[in-house]
Amino acid sequence: MKLLSPCRWMRFSMSLLLLALAARADDWPQWRGANRDGIWSETGVLQSFPPAGLKVRWRAPVGAGLSSPVVAQGRVFITDAIVKEKPIAWERVECFDEKNGHLLWTHQYEAKYYDWAFDPKSPTGPGSTPVVKDGKVYSLGAAGDLFCLDALNGAVLWRRNTSQEFGLAELSGCTPSPLIEGDLLILIVGGKPDAGVVAFDRNSGKEVWRALSDMWTYSSPIVITAGERRQLIVWTPQAVTSLDPATGKIYWREPMTIGNDYAVATPVFRGDLLLVSGLMFRLGRDKPSASVLWPETKASSRRILSRTSIPLIQDSLVFSDKTNGRLVCLEAETGKQVWETDQVTGHKIGSAIQLIPSGDSVLLYTDEGNLIRAHLTAKGYEELSRVHLIDPTYLLGGRNVAWPPPTFADRQVFVRNDQELICVSLAQSD
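Note that the coordinates shown come from a computational prediction; the quantities given were computed from them, not determined experimentally.

Draft legend 1. Fine view of the side chain of Asp80. As for its position among the elements, Asp80 is in strand β3 (residues 75-82). Taking the relative accessible area as the measure of exposure, Asp80 reaches 0% and is therefore buried. A polar contact is formed between the side chain of Asp80 and the backbone nitrogen of Gly63, at a distance of 2.7 Å. Within the structure, the side chain of Asp80 is placed 2.7 Å from the side chain of Arg92, a separation counted as a polar contact. The residues contacting Asp80, other than those within four sequence positions of it, are Val62, Gly63, Ala64, Trp90, Glu91, Arg92, Glu94, Pro126 and Arg416.

What follows is the structure, encoded as structure tokens:
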């Protein structure tokens, strides 16, 4: 056997390392993934689902909550609540081993909930999805408890109570998921005075800036690069606003008066287009600015596509849930409807369709706990495969729904309800 020279061996070893890095799956460390855009780019995943169903790798019991799990460095983090005896609930941040679902640590603390939050059929829990960065996990509870924990062991590094500090009523204004930009942890708080949005030093927890006097919202913020600047995009019941994420300075603002429960979708950015539910902007190229493309009317009912789901911009088209379970396709430039279908989920109150681009097709997760792979084009909806992942458990309008969007990492999907967290394989080789 001919041995490789040291130089060739080094080149061979480097090639193996590069191949390993290229094949390494991406983590999903925050709301809507690493880039906060809801796109799953892993390869080697199933393009159709077996008739007998998918392989469940593990299950773990969890409590109430509408937050999604996040995955980072071989660990799965989730927030939930144990709601049994009024008026105190126990909120938790839990960490599981990604491989087998073993519980590694739990951080538990008291949270004061209103009486209605203890309904056993629709219990309240955290709705904000945590974010993991540099060995730290940041979580926001339903009552405003903000924690920075050591991701290794759950030790508290710092904490704040946003409800007390910024004058919020309990269980309001604590749904948007935290966002990290550089050394800042940014929250939409909806507090006082002028604490609609607050940025904290993510290492110390100290307040860095605050901006806006807007009310609380369900919509989570994003940071984009447009107009040669980083822009923090925030949607509240008062307006869509672009801020300098470093200082809180307002770049531009479009008034949009709606009820709190309409401001739900996370803004979506693609090219020079910014879509906030049913309001499409074209962003300026040379400076932070925006002009409304559609709709022409300022009527709030025409500016909302869905109260439960986030739209998708793809191939000059917009795809979105619209009005309780109908999937629609619109022209991205005009908003003109191309087609609609009711084949995805039931046409009922609380219906939801979450859209996750994956390769040359799209994964759709519904309020019924179903995962679908389909082609979405201008020609229509072409369903490729469908499988049931998890049972809906949250009571709404006389039926149960599964609202927390799933998480995708390491060729797996992680999904939760009010009773369990499930890890399901989507790998082709399983």
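Draft legend 2. How the structure looks around the nonpolar core. Within the largest apolar cluster, 31 residues are counted, with the highest numbers of intra-cluster contacts made by Leu371, Leu389 and Phe408. Among the elements that take part in this core, strand β34 (residues 420-425) stands out by supplying four residues, more than any other. The contact partners of Phe408, leaving out residues within four places of it in the chain, are Trp28, Trp40, Ile356, Leu363, Leu371, Val413 and Leu426. If you look at the next biggest cluster of nonpolar residues, it comprises 30 residues, including Ile224, Trp294, Leu305 and Ile313.

Draft legend 3. Region of interest: the sheet that holds strand β16 (residues 239-243). Spatially, the four strands line up as an open sheet ordered β14-β15-β16-β17, and their pairing is antiparallel. In the strand order of this sheet, the two ends are held by β14 (222-226) and β17 (250-255), each with one partner. Averaged over all pairs of adjacent strands, the angle between strand axes in this sheet comes to 25 degrees, irrespective of strand direction.

Draft legend 4. Spotlight on unusual backbone geometry. Cis geometry is adopted by the peptide bond preceding Pro87, which originates at Lys86 and carries an omega value of -5 degrees. On the secondary structure map, Pro87 appears in the loop between β3 and β4 (88-97). Omega for the bond connecting Lys192 with Pro193 falls within 30 degrees of zero, at -15 degrees, which places this linkage in the cis form. For Pro193, the location among the structural elements is in the loop between β11 (184-191) and β12 (195-201). One non-glycine residue, Ser277, lies in positive phi territory at about 55 degrees. Of note, Ser277 is situated in the loop between β19 (273-276) and β20 (279-283). Positive phi, normally seen in glycine, also occurs at Arg411, with a value near 60 degrees. Of note, Arg411 is situated in the loop between β32 (407-409) and β33 (412-416). Relative accessible area serves as the criterion here: at 27%, Arg411 is assigned to the partly exposed category.

Draft legend 5. How the structure looks around the side chain of Glu42. For Glu42, the position within the fold is in the loop between α1 (6-23) and β1 (56-61). Of the buried charged residues, Glu42 lacks a salt bridge, with Arg411 as the closest side chain of opposite charge at 4.6 Å. A polar contact of 2.8 Å, which involves the side chain of Glu42, links it to the backbone nitrogen of Asp410. Looking at Glu42, its side chain comes within polar contact range of the main-chain nitrogen of Arg411, at 3.0 Å.

Draft legend 6. Fine view of the packing of aromatic side chains. One pass over the full model with this rule turns up 14 aromatic pairs. With a centroid separation of 4.9 Å and 35 degrees between ring planes, the pair formed by Trp40 and Phe408 is classed as tilted. On the criterion of sequence distance, the pair formed by Trp40 in the loop between α1 and β1 and Phe408 in strand β32 is long-range, its members being 368 residues apart. Take Trp40 and Phe408: they sit in the same class, and that class is buried. One aromatic cluster in this structure is built from Trp28, Trp40 and Phe408. For Arg307, the ring lying beneath its charged end belongs to Tyr262, and the centroid distance is 4.3 Å.

Draft legend 7. Summary view of the pairing of β4. Counting buried positions along β4 gives seven out of ten residues, so the element sits mostly inside the fold. Examined bridge by bridge, β3 and β4 share eight bridges and lie antiparallel to one another. Bridge pairing in β4 links Asp80 to Arg92. With antiparallel pairing between neighbouring strands as the criterion, β3 and β4 make up a hairpin whose turn holds five residues. In this structure, β4 lies alongside strand β5 (residues 103-112), joined through nine bridges in antiparallel fashion. Opposite Phe96, over in β5, you have Leu103 as the bridge partner. Following β4, the chain reverses through five residues before pairing antiparallel with β5; Gly101 in that reversal takes a positive phi of roughly 80 degrees.

Reading guide: rules and limits
Residues numbered from 1 in each chain as written. Predicted model: local features only at pLDDT ≥ 70, side-chain atom pairs only at ≥ 80, totals over all residues. Heavy atoms only, no water. Helix = DSSP H or I, 4+ residues; strand = E, 2+ residues; numbered from the N terminus. Buried < 20%, exposed > 50% of the residue type's maximum accessible area, 1.4 Å probe, protein only. Polar contact = N/O pair within 3.5 Å; in protein donor to acceptor, adjacent residues only side chain to side chain. Contact = heavy atoms within 4.5 Å. Core = buried A, V, L, I, M, F, W, Y, C linked by side-chain atoms within 4.5 Å. Pairing = 2+ DSSP bridges. Axes fitted to C-alpha atoms, helices over the stretch in contact; angles between N-to-C directions. Lys, Arg positive; Asp, Glu negative; His and termini not counted. Salt bridge = Lys/Arg side-chain N within 4 Å of Asp/Glu carboxyl O. Phe/Tyr/Trp six-rings, centres within 6.5 Å; stacked < 30°, edge-to-face > 60°. Lys NZ or Arg CZ within 6 Å of the ring centre and 35° of its normal.

Structural measurements only, silent on function.
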